[in-house]
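The chain contents come next:
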Amino acid sequence: MLLRILGGLILLAVAAAAVLLWLSRPVETGELRDTYLTGEDRYVTAAGFDWRVRESGPENAPALILIHGFSHSLEAFDPWAAELDDAYRVIRFDLPGHGLTGRPADGAYSNEATVEQVSALLDEIAPETFALGGNSLGGLVAWRYAAGHPERVGALVLVSPGGYSINGVTADPVPVPQGVAFYLRTAPEAGVRAATAALYANPARLDESDVSRITDLMKREGNGEAMVQRLEVFTLPDPEPVLAQIETPALILWGEQDMMVPPAHGPRFVEAMPDARLITYPDAGHVAMEERPEATASDVRAFLGEVWQ
């Protein structure tokens, strides 16, 4: 009887593992394009691979370019586009190894390499000057790009940007925990739901369609491994020498319930940058542009109208 029970438990474990592997199987790019490409999307070749780019708003309007955070995709800024593309040409794109954008053949995923890759893309898609924004990793890329290209960035908008050390990451990367690597490579829907909900002050605001999309795009063949490789070389050296060089007017937005990047970093950005201001939101977390799109977009519109257009 004991052997039968043990055998049954082993079979259940094997079956559960098989189901998990099936649910976590990579998804082909073509299948995802059929589901998630819109009429506002196009592909642009830059830095040796193809990027998915989405644009909305009047073609001749001032350009507002927005960069999403780690493990997400350009859809993270669709709520702002809906609020702002009456007055701006809102351009967003998937970062390398994210969403439906390709991956660098040389496996270059350092922050420095990503800024160079984004620079090559902006040379192809952006007008001579534009406003630039980003969230989290996208915010880090945005302010580093602005530091190197002051002649092109007329205004900077950062939502809970990366920059100061978190999770022990400094000028040297830290080993990627096995659990994190497994999560990124397999993207189990329950795990994606929990991880995404943790970015919100009020998880009830998270739409199930967002969970499905993030899960699907993380499962795109090759994306999970690319994200692991990015974390393996991810560094956060002291940002202040670079921030001090950015004279571009900057708006820093931070959810006061951000559990990913401490809200205490917001005043540090403002203190380090020559021309920056901070707005915080008591009822928002790490992705304030998604959780509070109307309030945050209104503040962005007022800021851009004052300092740039």
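Being a predicted model, the structure only gives us computed values, none of them experimental.

**Quick notes on the nonpolar core**
Piece 1. Phe-93, Leu-122, Phe-130, Leu-132, Trp-143, Leu-156 and Met-273 are the most contacted members of the largest nonpolar core, which has 46 residues in total.
Piece 2. Here this core takes 8 residues from helix α5 (residues 137–148), the largest share from any one element.
Piece 3. Every residue in contact with Phe-93, bar those within four places of it in the chain, is listed here: Trp-51, Arg-52, Val-53, Ile-65, Leu-66, Ile-67, His-68, Leu-74, Val-118, Leu-121, Leu-122 and Ile-125.
Piece 4. Ala-81, Val-157, Leu-253 and Ala-288 belong to the second-largest nonpolar core, a separate cluster that totals 30 residues.

**Some points on helix α8 (residues 208–218)**
Piece 1. For α8, every residue scored as buried is listed here: Asp-210, Val-211, Arg-213, Ile-214, Thr-215, Leu-217 and Met-218.
Piece 2. In the core, the buried residues of α8 are packed alongside α2 (29–36), β2 (49–56), α6 (178–186), α7 (189–197) and α9 (223–232).

**Things to note about the side chain of Thr-186**
Piece 1. One can find Thr-186 in helix α6.
Piece 2. Within the structure, Thr-186 has its side chain in polar contact with the backbone oxygen of Phe-182 (distance 2.6 Å).

**Thoughts on unusual backbone geometry**
Piece 1. The backbone of Ala-47 sits at a positive phi, close to 60 degrees, despite the residue not being glycine.
Piece 2. Relative to the helices and strands, Ala-47 is located in the loop between β1 (41–46) and β2.
Piece 3. Within the chain, Ser-71 stands out as a residue other than glycine whose phi angle is a positive 75 degrees.
Piece 4. Note on Ser-71: relative accessible area 12%, which makes it buried.

**A few points about the layout of surface pockets**
Piece 1. One number sums up the size of the largest pocket: a volume of about 910 Å³.
Piece 2. What lines the largest pocket is a set of 41 residues, and nearest its centre among them are Phe-70, Ile-166, Asn-167, Leu-231 and Met-260.
Piece 3. Looking at the lining of the largest pocket, the elements that each hand over two or more residues are α5, α6, α7, α8, α9 and α12 (288–291).
Piece 4. Taken together, the residues of the lining of the largest pocket sort by class into 27 nonpolar, 12 polar and 2 charged.

**Focus: the pairing of strand β4 (residues 89–93)**
Piece 1. Burial analysis of β4 places 5 of its 5 residues in the buried class, which makes it a mostly covered element.
Piece 2. Both faces of β4 are covered, namely the face carrying Arg-89, Ile-91 and Phe-93 and the face carrying Val-90 and Arg-92.
Piece 3. Of the pairings in the sheet, the one linking strand β3 (residues 63–67) to β4 comprises 5 bridges and is parallel in character. If you follow Ile-65 over to β4, its bridge partner there is Ile-91.
Piece 4. For the segment spanning β3, helix α3 (residues 78–84) and β4, crossover handedness is right-handed.

**Considering the sheet that holds β2**
Piece 1. Here we have 8 strands laid out as an open sheet, ordered β1-β2-β4-β3-β5-β6-β7-β8, and mixed in their pairing. Strands at the two margins of the open sheet, each flanked by one partner only, are β1 and β8 (276–281). Neighbour to neighbour, the strand axes of the sheet diverge by 25 degrees on average, direction disregarded.
Piece 2. As judged from the 4 bridges shared by β2 and β4, these two strands associate in the antiparallel manner.

**Points about empty space enclosed by the protein**
Piece 1. All chains considered together, the criterion is met by 1 cavity of 30 Å³ or more.
Piece 2. Of the pockets and cavities examined, the largest cavity occupies roughly 30 Å³.
Piece 3. If you go around the largest cavity, the residues you meet are His-72, Thr-196, Leu-199, Tyr-200, Leu-206, Asp-210, Ile-214, Val-287 and Glu-290.
Piece 4. Looking at the lining of the largest cavity residue by residue, the classes come out as 5 nonpolar, 2 polar and 2 charged.

**With respect to the pattern of salt bridges**
Piece 1. Scanning the model with the defined rule gives 21 salt bridges in all.
Piece 2. Arg-52 is the salt-bridge partner of Glu-75, the closest N and O atoms lying 3.0 Å from each other. Taken together, the positions of Glu-75 in the loop between β3 and α3 and Arg-52 in strand β2 put the pair 23 residues apart, joining distant regions of the chain.
Piece 3. Look at Glu-75 and you get buried, because its relative accessible area is 8%.
Piece 4. Asp-78 is the salt-bridge partner of Arg-54, the closest N and O atoms lying 2.8 Å from each other.

**Side note on the environment of Leu-140**
Piece 1. Within the secondary structure, Leu-140 is located in helix α5.
Piece 2. Taking the relative accessible area as the measure of exposure, Leu-140 reaches 2% and is therefore buried.
Piece 3. When the C-alpha atoms of Leu-140 and Leu-64 are compared, they prove to be 17 Å apart, with 76 residues separating the residues in sequence.
Piece 4. Those residues in contact with Leu-140 that sit more than four places away from it in its chain are Asn-111, Pro-161, Gly-162, Gly-163, Phe-234 and Leu-236.

Procedures and definitions
- Residues numbered from 1 in each chain as written.
- Predicted model: local features only at pLDDT ≥ 70, side-chain atom pairs only at ≥ 80, totals over all residues.
- Heavy atoms only, no water.
- Core = buried A, V, L, I, M, F, W, Y, C linked by side-chain atoms within 4.5 Å.
- Buried < 20%, exposed > 50% of the residue type's maximum accessible area, 1.4 Å probe, protein only.
- Helix = DSSP H or I, 4+ residues; strand = E, 2+ residues; numbered from the N terminus.
- Contact = heavy atoms within 4.5 Å.
- Polar contact = N/O pair within 3.5 Å; in protein donor to acceptor, adjacent residues only side chain to side chain.
- 1 Å grid on protein atoms, 1.4 Å probe; cavity = no way out; pocket = protein on both sides within 12 Å on 5 of 7 lines; lining within 4 Å.
- Points joined across faces, edges and corners; volume = space filled by probe spheres on them.
- Nonpolar A, V, L, I, M, F, W, Y, C, P; charged D, E, K, R; others polar.
- Pairing = 2+ DSSP bridges.
- Right-handed = clockwise from strand over helix to strand, strands pointing away.
- Axes fitted to C-alpha atoms, helices over the stretch in contact; angles between N-to-C directions.
- Salt bridge = Lys/Arg side-chain N within 4 Å of Asp/Glu carboxyl O.

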